[in-house]
Number of protein chains: 2
Amino acid sequence: EALLWKSKSTLTSFGVFCLQMGWGDLGVFGEPSKETPNLDQMASEGMLFLDFYTANPLCSPSRAALLTGRLPVRNGFYTTNAHARNAYTPQYIVGGIPDSELLLPELLKKAGYVNKIVGKWHLGHRPQFHPLKHGFDEWFGSPNCHFGPFDNRAFPNIPVYRDWEMIGRYYEDFKIDLKTGEANLTQIYLQEALDFISKQQASQQPFFLYWAIDATHAPVYASKHFLGTSQRGLYGDAVREIDDSVGKILKHLQNLGISENTFVFFTSDNGAALISAPKQGGSNGRFLCGKQTTFEGGMREPAIAWWPGHIPAGGVSHQLGNVMDLFTTSLSLAGLQPPGDRQIDGIDLLPAILQGELIDRPIFYYRGNEMMAVRVGLYKAHYWTWSNSWEEYSKGVDFCPGQNVSGVTTHTQEEHTTLPLLFHLGRDPGEKYPLSFASNEYQRAMERISAVVQQHRVTMVPGEPQLNVCDKAVM
Amino acid sequence: EALLWKSKSTLTSFGVFCLQMGWGDLGVFGEPSKETPNLDQMASEGMLFLDFYTANPLCSPSRAALLTGRLPVRNGFYTTNAHARNAYTPQYIVGGIPDSELLLPELLKKAGYVNKIVGKWHLGHRPQFHPLKHGFDEWFGSPNCHFGPFDNRAFPNIPVYRDWEMIGRYYEDFKIDLKTGEANLTQIYLQEALDFISKQQASQQPFFLYWAIDATHAPVYASKHFLGTSQRGLYGDAVREIDDSVGKILKHLQNLGISENTFVFFTSDNGAALISAPKQGGSNGRFLCGKQTTFEGGMREPAIAWWPGHIPAGGVSHQLGNVMDLFTTSLSLAGLQPPGDRQIDGIDLLPAILQGELIDRPIFYYRGNEMMAVRVGLYKAHYWTWSNSWEEYSKGVDFCPGQNVSGVTTHTQEEHTTLPLLFHLGRDPGEKYPLSFASNEYQRAMERISAVVQQHRVTMVPGEPQLNVCDKAVM
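Conventions used here
- Residues numbered from 1 in each chain as written.
- Chains lettered and ligands numbered in written order.
- Predicted model: local features only at pLDDT ≥ 70, side-chain atom pairs only at ≥ 80, totals over all residues.
- Heavy atoms only, no water.
- Salt bridge = Lys/Arg side-chain N within 4 Å of Asp/Glu carboxyl O.
- Helix = DSSP H or I, 4+ residues; strand = E, 2+ residues; numbered from the N terminus.
- Buried < 20%, exposed > 50% of the residue type's maximum accessible area, 1.4 Å probe, protein only.
- UniProt positions renumbered as here; feature names shortened; annotations may be inferred.
- Contact = heavy atoms within 4.5 Å.
- Polar contact = N/O pair within 3.5 Å; in protein donor to acceptor, adjacent residues only side chain to side chain.
- Pairing = 2+ DSSP bridges.
- Axes fitted to C-alpha atoms, helices over the stretch in contact; angles between N-to-C directions.
- Disulfide = S-S within 2.5 Å.

A look at the pattern of salt bridges
Residues and elements named next belong to chain A.
- This model, assessed by the stated rule, comprises 46 salt bridges over all chains.
- With a closest N to O distance of 2.6 Å, Asp 214 and Lys 120 form a salt bridge. On the criterion of sequence distance, the pair formed by Asp 214 in the loop between β8 (207-212) and α6 (234-255) and Lys 120 in strand β4 (residues 114-120) is long-range, its members being 94 residues apart. The burial state of Asp 214 is the same as that of Lys 120; both residues are buried.
- Each of Asp 51, Glu 296, Arg 300, Arg 375, Lys 380 and Glu 431 takes part in salt bridges that share partners, so that together they form one network.

Here it is in structure tokens:
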């Protein structure tokens, strides 16, 4: 059974990586408007992952982790400018994905795959970081977030590429109406995906499509047909359009007769951005806080695997999963081994997906250069806590709006390394009730967790940080 | 189609009324452990209500509303001892359901139904309030919550009845082990339900079964077979046992060949009791606060209608519903008209259930004698806010643990009657972002809401309060 796919030369792999859509944004995860019929159906035809995580609660490092199978602290997608601060690739950053990193498409290429990225790259905008230099054969999208419009003095608007060529810029050539929220980018991304799939099917080429859409990232947008259709406002309109697009892509695979040869995975790069909620940000359901934080709301992700004829319909998995696993799992689908010359953090999820196995593995919650927390089984230990600084908070920037757990959602960086804050995520998924330090349960759980953390620390060789920002005054 | 059931002389009606199980406790509503396969399947075979409410965020008034189809402020299940305070029927209270109220089983009896209540009555414990004096033909259960054990001096333990006869007491004859959480009461309640259904089916009698279980009310319990089976701890064990029992009852109806003649509705009497969480209380998902409050967490309920062959499988309804609707809907199922001599607040949900209609109706959120809030469409206006008092809060009693929305989850009773706090529950189901008073949206929505509230107020004739407590010093 597990070998079936290895014999198929046309096996294809398709990933949807949604920008900061939260766990609570899907009907199947309890969004009360229940407006994601296609994703809900994808789950009912495939397998729902309830305990799936990102490798970092921010976009760039999360994407670097997905494509390298390695923690950002290893692949360099972090900063040492400050302690426990996430970093990404704004226009003025000089860093990006190092050549020394082996990306998933580079490896798949060797097995004859044609690789395309549609949407946001986010691994550096300088020429040496171009996706086509890192294994992708095709690209339609942009190196950065669609922030803007910029005034074209300090910064130009973000460019949009087709392959090597810059074909325009957001706001100028690819309109985003900030007032109405109208933009037809998701429709363009959808068409790019459908066309690529058709082309590969026609030429009988195995393919890897990385569909990295961004409509749910502020400034949130939707195309005219979807504007005003959601109970949830503009953010919901964007979710509905993405949901509709996922449905169309799955249908396309079915119509082409290749759905049983195509492994599809839907997930998100970080939790919903509660700083942008409710107009420009989504929901993490009952989980604590959101994007940027190492609480569950920042890192637990909606996740669905779909592969008709292989994955049992309606399956539900409690396997602890991580976006880095998509690296290893995709290699496994292609019959490839992960590189042996470096530490790979992702695991092969196929035994969990196809045979319902539960693989024992920890989840590490990093924020920038610091391991903030670790999950082992149902226990999560926080070695450091903080939400965001008092300075930001006093200006109205709140990573945990409406939520306040005393001593947990702290506004200063609190060290708990000698006596970590421990939560049982089964009884308390919202991280509200730390276990008593004096309890037997705490002692037993921390013994197990400490061993895991010690092992992690002694084998950890951090990569050269790529996302440090130079002092502009010095530059 | 809608007349189909009227012609069936064996049409039966079956209600599950779960003690303070919250919206977020069901897998289908996003509980992350996903441990309610039977309820989830019930939803996939029936219709899920996403916007269903109780009539009061506390047990007794909610049950009185269910059985009378009337708001507690009309049927007397409230107190004027203090402003905006919920009340129930503790052992020392002298009040109960007035004889002047017409209960659902009294009316169904006239149409030949045999009525049984299994579990908690909660409408008064003195002889004149006995369920068999108010239309029920059979009772297995108790008049009150299973609090205890009592010392048998000031108070005896709560009695358990079979019909007219007291057959024992909790802790003495019906064991609840507070240390382990073990009690086999749900199994007893299940057997009572199965036996009653078998008996009615054998005698071809239409029946109404009100299955008012209480395992998820503190002190939470589960039978031995379920103890330790949930990721969620003891509370989850109790939920699993209830879920399993609901599955067995539905299966029993199917095995007896009467599932297409039996309308089944699952809901809860109030939101999860967050004061008891996480060990003894459940989850309201992303909704604000819990039991006792008029925020969504206190009053939005999980709700599923099931009637194979009549209700389209997998249906989802946004109809604003209320437990009081079960009164009117059940009468409609039995071919009866609601009483014409009094105000009935419940509406007939059958058009929503069978034809997918959306009936425009408001939801009133009462706390004791005060209308705290009202929902019209997707807007909810708070005329009064408070969670619980500073005095209670300072003692560690918190109705909104981990949640704090400035100016909303207030610890003093705040009046907003001249300028209500307005929320859009589609964009903001968590009631975190009040609309600007100055916005056009606020003005437009409040015009509509004010008319509804004015109409409600001029036609409101409060009943004699039944739940006032006498001054013990005077007694």
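A word on the UniProt feature "binding site: Ca(2+)" (unreviewed entry) in chain A
Residues and elements named next belong to chain A.
- When the UniProt feature table is mapped to this numbering, "binding site: Ca(2+)" (unreviewed entry) covers Cys 59, Asp 269 and Asn 270. With the annotated positions falling across 212 residues, the maximum pairwise C-alpha distance of 6.6 Å places them together in a single cluster.
- Topologically, Cys 59 is positioned in helix α2 (residues 59-68).
- Setting aside chain neighbours within four positions, we find Cys 59 in contact with Leu 19, Tyr 88, His 122, Asp 269 and Asn 270.
- Inspection of the secondary structure puts Asn 270 in the loop between β9 (262-268) and α7 (296-299).

Re the side chain of Ser230(A)
All names here are of chain A.
- One can find Ser 230 in the loop between β8 and α6.
- What makes Ser 230 buried here is its relative accessible area of 11%.
- Looking at Ser 230, its side chain comes within polar contact range of the side chain of Glu 35, at 2.6 Å.

Description of the sheet that holds strand β1 (residues 12-18) of chain A
Residue and element names in this part refer to chain A.
- Taken in spatial order, the 10 strands line up as β7-β6-β5-β4-β8-β1-β9-β11-β2-β12 in an open sheet, and their pairing is mixed. The sheet is open, and its two borders are formed by β7 (165-169) and β12 (315-317), each paired with just one other strand. Put simply, the sheet's adjacent strands are angled 15° from each other on average, direction ignored.
- Along the sheet, helix α5 (residues 185-202) contacts β4, β5 (138-142), β6 (159-162) and β8; its crossing angle with β8, the most-contacted strand, is approximately 175°.
- In the packing of helix α8 (residues 325-333) onto the sheet, contacts are made with β1 and β9, and the angle to β9 comes to roughly 175°.

Section: the state of the cysteines
- For the structure on display, the rule yields 2 disulfides over all chains.
- At a sulfur-sulfur separation of 2.1 Å, the disulfide partner of Cys289(B) is Cys400(B). Between Cys289(B) and Cys400(B) the sulfur-sulfur dihedral comes to about 100°; the bridge is accordingly right-handed. With Cys289(B) in the loop between β8 (262-268) and α7 (296-299) and Cys400(B) in the loop between α10 (390-394) and β16 (414-415), the pair connects residues that are 111 residues apart, well separated along the chain.
- Classification of Cys289(B) by relative accessible area gives buried; the value is 0%.
- For Cys400(B), a relative accessible area of 2% puts it in the buried group.
- Left unpaired, Cys145(A) is separated from the closest cysteine sulfur, that of Cys59(A), by 4.9 Å.

Some thoughts on helix α8 (residues 325-333) of chain B
- Counting buried positions over the 9 residues of α8(B) gives 9, a clear majority of the element.
- The set of residues buried in α8(B) consists of Asp325(B), Leu326(B), Phe327(B), Thr328(B), Thr329(B), Ser330(B), Leu331(B), Ser332(B) and Leu333(B).

Section: the sheet that holds strand β12 (residues 363-367) of chain B
All names here are of chain B.
- Strand order in the open sheet formed by 4 strands is β12-β13-β14-β17, with antiparallel pairing between adjacent strands. Only two strands of the sheet have a single neighbouring strand rather than two, namely β12 and β17 (421-424). Within the sheet, the average angular offset between the axes of one strand and its neighbour, ignoring direction, is 20°.
- The pairing of β12 with strand β13 (residues 370-376) spans 5 bridges and is classified as antiparallel. Counterpart to Arg 367 in the pairing with β13 is Glu 370.
- Strand contacts of helix α11 (residues 440-458): β12, β13, β14 (379-382) and β17, with the helix running at about 125° to β13, the strand carrying the most contacts.

Focus on the environment of Ser283(B)
- Mapped onto the elements, Ser283(B) comes out in the loop between β8 and α7.
- Along the primary structure Ser283(B) and Glu391(B) are separated by 108 residues, whereas in three dimensions their C-alpha atoms are 25 Å apart.
- Those residues in contact with Ser283(B), other than ones at most four positions away along the chain, are Arg286(A), Gly22(B), Trp23(B), Gly24(B), Asp25(B), Arg232(B) and Ala272(B).
- There is a polar contact of 2.9 Å between the side chain of Ser283(B) and the backbone nitrogen of Gly285(B).

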